[in-house]
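Chains, contacts and geometry: an overview
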Amino acid sequence: MAESSDHSGGGNSQSQVIQVPEPQPHPVMEQLPDVEYCINSPPPWPHALLLGFQHYILTLGMTVLIPTTIVPEMGGGHAEKAKVIQNLLFVSGLSTLLQTWFGTRLPTVVVGSYSYIIPAMSIIHAKRYTKYTDPYERFTHTIRGIQGALIISSIFHVCMGFLGIWRFAVRFLSPLSVVPFVTFTGLGLYHLGFPMYLNRFISTKRLIYERYGLLFSIASAWLLAQLLTSSTAYNNKPESTQNSCRTDRSGLISASEWFHIPFIPFPWGFPTFNFGEALAMIAASFVTLFESTGTFFAAARYGSGTPVPPHIICRGTGWVGVASMVNGFLGSVTGCTASVENAGLLALTKVGSRRVIQISAGFMVFFSIAGKFGAVLASIPLPIMAAMNCLFFGYVSSAGLDFLQFCNLNSFRIKFVLGLSFFLGISIPQYFVEYFYVKHHHGWFNDILNVFFMSHTTVAVLVAFILDITLSRDDDEVRKDIGLQWWEKFRVYSADGRNADFYKLPCRLNEFFPAL
């Protein structure tokens, strides 16, 4: 309050009290405001095409990274790597279309999952493949073993989704346990990015630089990499640096065919099956359940949709399992998950339109068939994509923090659950990375432990989930503190009329497959 004195002619003084309004907290937002185009409101076609192409470019990062890591270890060369990339890109495009049509209906892209790297590497280094001295022969036998394990693990994933098993677990979530769920979906991939801070030096109010920032950044960085390569700046650098930064080291352009048919099943022979390796792959599939669910929540938030009902999440995870199965049939060396980085791109562009993602899926299918043209774009140096991921993983992590607005942060119980889940979500995987995986990385049982406990998302979510459900939910005050009273209406599809606007199946399929 401030006081002012007004002296009148009679010598009297009056004291006037000026009321300063109390600061008000920011209102709670069930749907994120300031989204230019939400899930079911497409932008004009020229913008939609550019935005779809931008999502396709971003998808190439993980699509190229996984085969580049795995295929040389299997004995494959540039030709084999190019075919695996094209097959994986085709499955990503097809699965993204199926996900947006019949899955969650969210603007999510389906890509290869990094969680399958550990069991895949275990198969690659299995003793039964060491007898093959010819690199190509070793590659064909190894990829058949990976295919068999992928097919078995995908059956588990499909059952968890389409039989409704995953729905029962998701229904126990509250805003409190969703926070680490979504946050660690982004933070758990920190090793695939690198700190980048540019907004302090470049600031603009023109929307075009923000909406198409990915295209501008990749084009300029790719041009710089080409100039450094042409000027021989990398000639005396270590081999690892040259492979990462030169624009002429991927080998994809020369090895790719002009026209590639990616939908031929079992291109390297019939799959082989091993019980222990299949169990390790199932562990990776279980981890992707957590990753995909966190990404679905983030995509719904940045698409300005309502929190995803459990039945819709279950439907989406079932289609992710189908994508992993198709990968097993086509020899794409890894299972699938919902793309974290593409969910982050929704936040950057403020465009959460389903049509944009469907257009990007069209680009994936086209460039997987037009081999040479797709290889040109796939040869972008991976450090450029890693720099972009820093921004997008951060956006997804912050989407998880959005759900804190529905919790009582003045409660010590809430602080305990959040603090312990965040700390153990970082600390336990670090132990397995530094100690257990180094000394116990052989054998299917150790692979299961490594896959499970090296996942930051899985550990953080399980800690938060167990602590959350063991709280006394019968106490109305506690239910209010963890946001469960607000969350109740999103547990059932029909409880909120807005759900049908975002998640209803096309062509009146909801009449045959009603949401629960």
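Our subject is the structure that appears above.
To keep things clear, this report deals only with the structure shown in the data block.

Criteria and thresholds
Residues numbered from 1 in each chain as written. Predicted model: local features only at pLDDT ≥ 70, side-chain atom pairs only at ≥ 80, totals over all residues. Heavy atoms only, no water. Axes fitted to C-alpha atoms, helices over the stretch in contact; angles between N-to-C directions. Helix = DSSP H or I, 4+ residues; strand = E, 2+ residues; numbered from the N terminus. Parallel < 35°, antiparallel > 145°, perpendicular 65-115°, else oblique. Left-handed = near helix turned anticlockwise from the far one by under 90°. Contact = heavy atoms within 4.5 Å. Nonpolar A, V, L, I, M, F, W, Y, C, P; charged D, E, K, R; others polar. Expected span 1.5 Å × (residues − 1). Buried < 20%, exposed > 50% of the residue type's maximum accessible area, 1.4 Å probe, protein only. Polar contact = N/O pair within 3.5 Å; in protein donor to acceptor, adjacent residues only side chain to side chain. Core = buried A, V, L, I, M, F, W, Y, C linked by side-chain atoms within 4.5 Å. Patch = residues over 30% accessible without salt bridge, like charges linked within 9 Å, V, L, I, M, F, W, Y side chains within 5 Å. Areas by Shrake-Rupley, 256 points an atom, 1.4 Å probe, with all protein chains shown as cover. Salt bridge = Lys/Arg side-chain N within 4 Å of Asp/Glu carboxyl O.

A look at the packing of helix α1 (residues 45-74) against helix α14 (residues 354-369)
The geometry of α1 relative to α14 is characterised by a closest axis approach of 7 Å and an angle of 55° between their N-to-C directions. Here α1 is positioned oblique relative to α14, judged by the angle of their axes. Note on packing geometry: the crossing formed by α1 with α14 is right-handed. Taken together, the residues of α14 that come into contact with α1 (itself represented by W45, A48, L49, L51, G52, F53, H55, Y56 and T59) are R355, V356, I357, I359, S360, F363, M364 and F367. Of the residues contributing to the contact of α1 with α14, the split by class is 12 nonpolar, four polar and one charged.

Here we look at helix α11 (residues 275-302)
Here α11 is 28 residues long and its end C-alpha atoms lie 41 Å apart, about the 40 Å a rise of 1.5 Å per residue gives. A large share of α11 lies buried, amounting to 24 of its 28 residues. Taking the backbone nitrogen of G276 as reference, a side-chain oxygen 3.1 Å away marks N274 as the first, capping residue of α11. Just downstream of α11, S304 is the residue with a positive phi angle, here 60°.

Quick word on the environment of L401
Within the secondary structure layout, L401 lies in helix α16 (residues 382-401). Setting aside its immediate chain neighbours within four residues, L401 contacts V179, T183 and F422.

A few points about the nonpolar core
W166, L176, F297, V308 and Y503 are the most contacted members of the largest nonpolar core, which totals 77 residues. Looking at this core element by element, the count peaks at eight residues for α11. Listed in part, the 28 residues of the second largest apolar core include M74, I117, A126 and V451.

Points about a nonpolar patch on the surface
A grouping of W258, F259, I261, F263 and I264 is seen on the molecular surface, where their side chains present a nonpolar patch of about 590 Å² in accessible area. Relative to the helices and strands, F259 is located in the loop between α10 (252-255) and α11. The class for F259 is exposed, based on a relative accessible area of 58%.

A word on the packing of α1 against helix α2 (residues 78-102)
Where α1 meets α2, the axes come as close as 9 Å, and the angle between the chain directions of the two elements is 140°. Judged by the angle between their axes, α1 and α2 are oblique. For the pair α1 and α2, the crossing hand works out as right-handed. Of α2, the residues touching α1 (which contributes Y56, L60, T63, V64, P67, T68 and V71) are E80, K81, V84, I85, L88 and L89.

So yeah, pure geometry; function would need other evidence.
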